[in-house]
Amino acid sequence: MHFCYVTDRGSKVYLKGVNERNMMSDDAGQMLMVYDDPSDQRSLSLDDTSSTEESPDETRLSLESTNDVVPYIGQRFPTHDAAYEYYSEFAKSCGFSIRRHRTEGKDGVGKGLTRRYFVCHRAGNTPIKTSNENKPQRNRKSSRCGCQAYMRISKVTELGAPEWRVTGFANNHNHELLEPNQVRFLPAYRTISETDKSRILMFAKTGISVQQMMRLMELEKCVEPGYLPFTEKDVRNLLQSIRKLDPEDESVDLLRMCRNIKEKDPNFRYEYTLDSNNRLENIAWSYASSIQAYEIFGDAVVFDTTHRLTALDMPLGIWVGVNNYGVPCFFGCTLLREENLRSFSWALKAFLAFMDGKAPQTILTDQNMCLKEAIAMEMPVTKHALCIWMIVVKFPSWFNAVLGERYNEWKAEFYRLYNLESIEDFEMGWRDMVNSFGLHTNRHIANLFALRMQWALPYLRSNFFAGMTTTGHSKAINAFIQRFLGAQTRLAHFVEQVAVAVDFKDQAAEQQTMQQNLQNICLKTGAPMESHAASVLTPFAFSKLQEQLVLAAHYASFPFEDGFLVRHHTKLEGGRKVYWAPQEGIISCSCHQFEFSGILCRHTLRVLSTGNCFQIPERYLPLRWRKISTHSVKLLQSSPSDHAERIQFLQSMVSSLIAESVKSKERLDLATEQVSYLLSRIRQQPVSTQGLRDISPLHRNL
């Protein structure tokens, strides 16, 4: 349907395919209108290349219902840039952006530009690119869909004063228009002012991350998070474009710094690769203390690759774990030029080389297909899982708008399902959750369920994670990693600054260890197993075991087939199956808590108590949770040729034992009991004549 209105000077304005109600609407963003000057006989096709001169009527549209914001035929502008700015503001209010499409001029000297077309950002079609095998393709999806919305302006000169007039306008889109809170993310409306650029440069020199820059500027400008006129990606692009230092010089300085550290500390390890232009491509490093810690605590590792080095916008990977006191510990670091299979594979090889080929039992990462393939190639025996906190951090952007007021309710249900023990309960609960919150068609929910075996605890409990899947540990490790992200001034200094951060964390860990050891252990059950565990495990690990001991008192055990069935005393059905072989000292439970955390569960502790077992079997007090330093373990794991050094260390331990035991009667009683038991066990062991020959006469007489 076409509507035609006549202006006060006889010029006609055609509204094609729009009813009168829509034309009169005050909401310009919803109007689907096409105006065209009948004096212009040209086609509205955006592919038209003709340059026929127009003679637009110089009258102004005089309909009372016309919204002043909407462009109209005959509208005048002093310059084509002014027309562009006007149309751009109109587009932003409607939910799209524009671009300059085509310019036209007249043949002849001095005629210059006579016509311009401004089109919707989704106008036209995606050009076909020729593939180049030597150049990697970005494979980005184009937003162009052949939209026909446009505004045409023509140059008119009267009385020596040139001006530009609107001679064509169409606001009919073949795609959805964006909401105000979405349109601001279009590239055309994302700008960084000169003032903001100066501020970003100043922040970059201090070494803070791009995320921290964004938060600070939001506070300075008093805007809500995410409402700056630019994004984190824009800031990274800016930092990349204004980088003044030659990357090659930076690389040379970085390698020189690594060599200097190596000269001072022969146990410092680093690896790097150069590209075809002899420039640094990838680099990885680890410190002596990190390698030593990995010997004991490298059974479960987090490899966080979600961060970037601000100075050069390089992907940054950090390996971390948890020590016997539950404190995060640093294992290694890598800088990569690209996030692809080749780079990740190289990084994992370098890490294994640092650790003498010892792969972790489990590794936690972000969801990245290239990284997943690299781990399968380089660490085939290692269990790969996804970090829960790297998933949860995306929830607000995924589900906040979808769920609205029910978001927090859904999140609580998600955590409940995540912590379940039974796979059957998880899958049934997941279906109920999807039905309850109406998420059947949500792609994020579908993707999470497809990947459930890589993040949901019911599928992972047979693997050891050192407690790093809990919310508390996740936050602690994330905060630990954030400290390294602050060391981002000059690339050459980054390795040294990370070393300072590691030393700081090592000192903080030692202080935390001392504080834990100084705490008076409170025994809650009075059971011999509890006092035995308190004497062996660190306070952190003992607190976890003590929780299970307290809960064990509320469970009953029944002989069942070749083991026991253990369930809560209030339950009449169900329970966990425990298998115990007292002669071999082996016990296991169907809940798999020991395999998952290294701490015996309430079910096994109940069976041990029922079976008159007064001490926890040695194999269920893992070395990684015991009160022992990395130096102690290194000596214990050393070769027979280090016999004399080990004896000296044993003397030191005995001296410390006496010094600590005499501080109270309770300590002395405990030490006497444990040493008597230990001595009886030692006397049961065979004597090595080779060992006696290695011991000096002085030590024999002690």
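Keep in mind that what you see is a predicted model, and the values were worked out from it rather than measured. (Residues numbered from 1 in each chain as written. Predicted model: local features only at pLDDT ≥ 70, side-chain atom pairs only at ≥ 80, totals over all residues. Heavy atoms only, no water.)

Asker: For this particular structure, what's the right way to read the overall build of the chain?
Answerer: Assigned secondary structure in the chain consists of 26 helices and 19 strands. When the 702 residues of the chain are sorted by exposure, 44% land in the buried category. (Helix = DSSP H or I, 4+ residues; strand = E, 2+ residues; numbered from the N terminus. Buried < 20%, exposed > 50% of the residue type's maximum accessible area, 1.4 Å probe, protein only.)

Asker: Before we go on, may I ask you to explain the sheet that holds strand E12 (residues 314-322) in this structure?
Answerer: Strand pairing within a sheet occurs via backbone hydrogen bonds; the two strands may be parallel or antiparallel. With mixed pairing, the 7 strands of this open sheet are ordered in space as E9-E10-E13-E12-E11-E14-E15. For this open sheet the edge positions go to strand E9 (269-274) and strand E15 (383-386), each flanked by a neighbour on one side alone. Pairwise comparison of adjacent strand axes, ignoring direction, gives a mean angle of 20° for this sheet. Pairing of strand E10 (residues 280-286) with strand E13 (residues 328-336), which is carried by 4 bridges, proceeds in the antiparallel orientation. (Pairing = 2+ DSSP bridges. Axes fitted to C-alpha atoms, helices over the stretch in contact; angles between N-to-C directions.)

Asker: Sorry, what's going on with the pattern of salt bridges here?
Answerer: Close approach of charged atoms allows side chains with opposite charge to pair. Applying the stated criterion across every chain yields a total of 20 salt bridges. Note that Arg452 and Glu427 form a salt bridge whose closest N and O atoms lie 3.4 Å from each other. Taken together, the residues Arg452 in the loop between helix H15 (443-450) and helix H16 (471-485) and Glu427 in helix H14 (residues 423-437) connect sequence positions 25 residues apart. Classification of Arg452 as buried rests on a relative accessible area of 16%. (Salt bridge = Lys/Arg side-chain N within 4 Å of Asp/Glu carboxyl O.)

Asker: What is the right way to look at unusual backbone geometry in this model?
Answerer: Where the residue is not glycine, phi is negative for most of them; where a peptide bond is considered, it is trans in most cases. For Ala466, which is not a glycine, the phi torsion comes out positive at approximately 55°. For Ala466, the position within the fold is in the loop between H15 and H16. Positive phi values are uncommon outside glycine, yet His592 reaches one of about 60°. With respect to the helices and strands, the residue His592 is situated in the loop between strand E19 (586-589) and helix H20 (593-597).

Asker: Could you clarify how one ought to interpret helix H12 (residues 395-403) in this entry?
Answerer: Every α-helix carries 3.6 residues per turn, so stepping three or four residues along brings you back to the same face. Of all the residues in H12, the buried ones are Phe395, Trp398, Phe399 and Leu403. Within H12, the buried residues cover an arc of 85° as seen down the axis, which keeps them to one side. Those residues of H12 that are exposed and angled more than 90 degrees off the buried face are Ser397 and Ala401. On its buried side, H12 packs onto helix H11 (388-392), helix H13 (407-418), H14 and H15. Positive backbone phi, at 60°, marks Gly404, one or two positions downstream of H12. (Arc of directions from axis to C-beta. Contact = heavy atoms within 4.5 Å.)

Asker: Help me understand the pairing of E12, please; the structure alone is not making it clear to me.
Answerer: Successive side chains on a regular strand alternate, one facing one side of the sheet and the next facing the other. Buried residues dominate E12, accounting for 9 of its 9 residues. With burial as the criterion, each face of E12 is covered, one bearing Met314, Leu316, Ile318, Val320 and Val322 and the other bearing Pro315, Gly317, Trp319 and Gly321. Here 6 bridges tie strand E11 (residues 300-309) to E12, and the two strands are oriented antiparallel to one another. Note that in E12 the partner of Phe303 across the bridge is Trp319. Inspection of the sheet shows E12 paired to E13 by 7 bridges, in the antiparallel sense. Across the sheet, residue Ile318 finds its bridge partner in E13, namely Cys333. Between E12 and E13, which pair antiparallel in sequence order, lie 5 residues; one of them, Gly326, sits at a positive phi of approximately 75°.

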